[in-house]
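Now for the letters of each chain:
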Amino acid sequence: MTARSIDGKAIAAKVRADVAAAVKQLSAQPALAVVLTGDDPASQVYVASKGKATIEAGMRSVEIRLPADTTEADLIARVDALSRDPDIDGILVQLPLPKHISEANVLAVIDPLKDVDGLTEASAGKLVLGKPGLRPCTPVGCVILAKTERPDLSGANVVVIGRSILVGKPAALLFLEQNATVTIAHSKTRDLKMVCRGADILVAAVGRPEMVRGDWIRPGAIVIDVGTNRVPAPEKGEGKTKLAGDVHFAEAIEVAAAVSPSPGGVGPMTIACLLRNTVIAACARRG
Ligand code: GUN
């Protein structure tokens, strides 16, 4: 059997079209501010595509680029100013930050009403408590992709590999919110392969290229690959690299019912959900 490849680009395009339609209904144009500190090449690519997508959705994009030697106090002052600026609806501080800056201290000054990344303590608390709030974008994207294959997740066995604050933990809570039975697996999990084989839906968010092999997957499962790992690509020439997911796609596609590839699966959904959160934040703030 060959599985379906879940087309994250097409599903994200639909979300983005819905966002653009919602923006047209608003009296004021929503604005998303993205703060990039330092010159991490991957972050530069992400920030550029977020800005482009924001404009394409009919919103205002504010990009703040700061040098790698920016002090924590300076970054906090910039983010605090955005929190107080009535013309800004959403704030995203691109991670990772340079090592001398505490991510927690910076995230703490984001106004929770503008927390389109869903990473503040207030947003995380609302997610745990099951209260409405802004949810983290990549995990929401994982749930939307899973639901395109299985609209009712109630009772499904979901295994999330990875317990990061950005993806693993919130993804587990969002699947729980869908009444799934959720297991969080991680580097200390015993018999990881067997745990994964119990999954109806397997979410791989570990950051280890092609770690999930075909024999980790229950026949007929849905596999969501969150990994974006840069790996050597000698076939493209000396010193060249390419992106690889956490799942061995060629093996997974032979066993699963559906696999979201990486790139081309969760990545486009993250940006689409960021735009959606910005509209939600704008509506909530401006009424
Ligand atoms: N770096 C990689 N992914 C993300 C994300 O979703 N949000 C933020 N703020 N930084 C990231």
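Reading the values: the criteria
Residues numbered from 1 in each chain as written. Predicted model: local features only at pLDDT ≥ 70, side-chain atom pairs only at ≥ 80, totals over all residues. UniProt positions renumbered as here; feature names shortened; annotations may be inferred. Axes fitted to C-alpha atoms, helices over the stretch in contact; angles between N-to-C directions. Helix = DSSP H or I, 4+ residues; strand = E, 2+ residues; numbered from the N terminus. Parallel < 35°, antiparallel > 145°, perpendicular 65-115°, else oblique. Left-handed = near helix turned anticlockwise from the far one by under 90°. Contact = placed C-beta atoms within 7 Å. Nonpolar A, V, L, I, M, F, W, Y, C, P; charged D, E, K, R; others polar. Buried ≥ 20, exposed ≤ 12 C-beta atoms within 10 Å, placed from the backbone. Near = placed C-beta within 6 Å. Domains from an automatic or database assignment. Expected span 1.5 Å × (residues − 1). Arc of directions from axis to C-beta. Pairing = 2+ DSSP bridges. Core = buried A, V, L, I, M, F, W, Y, C linked by C-beta atoms within 7 Å.

Under the annotation held in an unreviewed UniProt entry, the protein chain carries the name Bifunctional protein FolD and is attributed to Terricaulis silvestris. A UniProt comment under Subunit (unreviewed entry) is attached to the protein chain, and it reads "Homodimer." Per UniProt, the protein chain carries the Pathway (unreviewed entry) text "One-carbon metabolism; tetrahydrofolate interconversion."

> Give me the lowdown on the packing of helix α1 (residues 8-25) against helix α10 (residues 266-286), citing residues and values where you can.
Helix-helix packing is described using two parameters, namely the angle between the two axes and the distance between the axes. One way to put it is that α1 packs onto α10 with a least axis distance of 8 Å and a crossing angle of 15°. Here α10 runs roughly parallel to α1, going by the angle between their axes. The element α1 and its partner α10 pack so that their crossing is left-handed. Counted together, Gly8, Lys9, Ile11, Ala12, Val15, Arg16, Val19, Ala22 and Val23 of α1 and Val266, Gly267, Pro268, Met269, Ile271, Ala272, Cys273, Leu275, Arg276 and Val279 of α10 form the full contact between these two elements. Residues that form the contact of α1 with α10 fall into these classes: 14 nonpolar, two polar and three charged.

> Report on helix α7 (residues 168-177), specifying residues and quantitative values.
Summarising burial for α7: seven of the 10 residues are buried, a large majority. Buried within α7 we find Gly168, Lys169, Pro170, Ala171, Ala172, Leu174 and Phe175. Packed against the buried residues of α7 are α5 (121-129), α6 (137-149), β5 (157-161), β6 (181-185) and β7 (201-204). Backbone geometry just after α7 places Asn179 at a positive phi near 70°.

> Outline the UniProt feature "domain: Tetrahydrofolate dehydrogenase/cyclohydrolase catalytic" (unreviewed entry) in the protein chain, listing residues and values.
Under the UniProt annotation, the feature "domain: Tetrahydrofolate dehydrogenase/cyclohydrolase catalytic" (unreviewed entry) is placed at residues 6-117. Across residues 6-117, helical content stands at 46% and strand content at 16%; the span's end C-alpha atoms are separated by 24 Å.

> Please provide a residue-by-residue account of the site of the ligand, values included.
The ligand sits among Leu92, Val93, Gln94, Leu95, Asp117, Cys137, Thr138, Leu166 and Thr270. Looking at the shell around the ligand, the elements with two or more residues in it are β4 (90-93) and α6. Each of domain 1 (28-111) and domain 2 (136-267) gives at least three residues to the shell around the ligand.

> Which residues make up helix α3 (residues 72-84), and what are the values?
The end-to-end C-alpha distance of α3 is 18 Å, a good match for the 18 Å that 13 residues give at a rise of 1.5 Å each. Regarding α3, the residues found buried are Leu75, Arg78, Val79 and Leu82. For α3, the arc enclosing every buried residue in end-on projection is 90°, short of the 170-degree limit, so these residues lie on one face. Among the exposed residues of α3, those oriented more than 90 degrees off its buried face are Ala73, Ala77 and Arg84. Along its buried surface, α3 packs onto β2 (31-37), β3 (60-66), β4 and α4 (103-107).

> Please set out the sheet that holds β4 residue by residue, giving values where relevant.
The pairing of strands in a sheet happens through backbone hydrogen bonds and is either parallel or antiparallel. Taken together, three strands build an open sheet; the order of strands is β3-β2-β4 and the sheet is parallel. The open sheet has two edge strands, β3 and β4, and neither has a second partner. Between one strand and the next, the sheet's axes are offset by a mean angle of 15°, whatever the strand orientation. Packing against the sheet, helix α2 (residues 41-56) makes contact with β2 and β3, and its axis sits at approximately 170° to β2.

> Explain the nonpolar core residue by residue, including any values.
Judged by nonpolar contacts, the single largest core of 87 residues is most densely connected at Val203 and Ala256. Counting residues per element, this core draws most heavily on α10, which supplies 11 residues. Residue assignment places this core across two domains, with domain 1 (28-111) and domain 2 (136-267) each supplying three or more.

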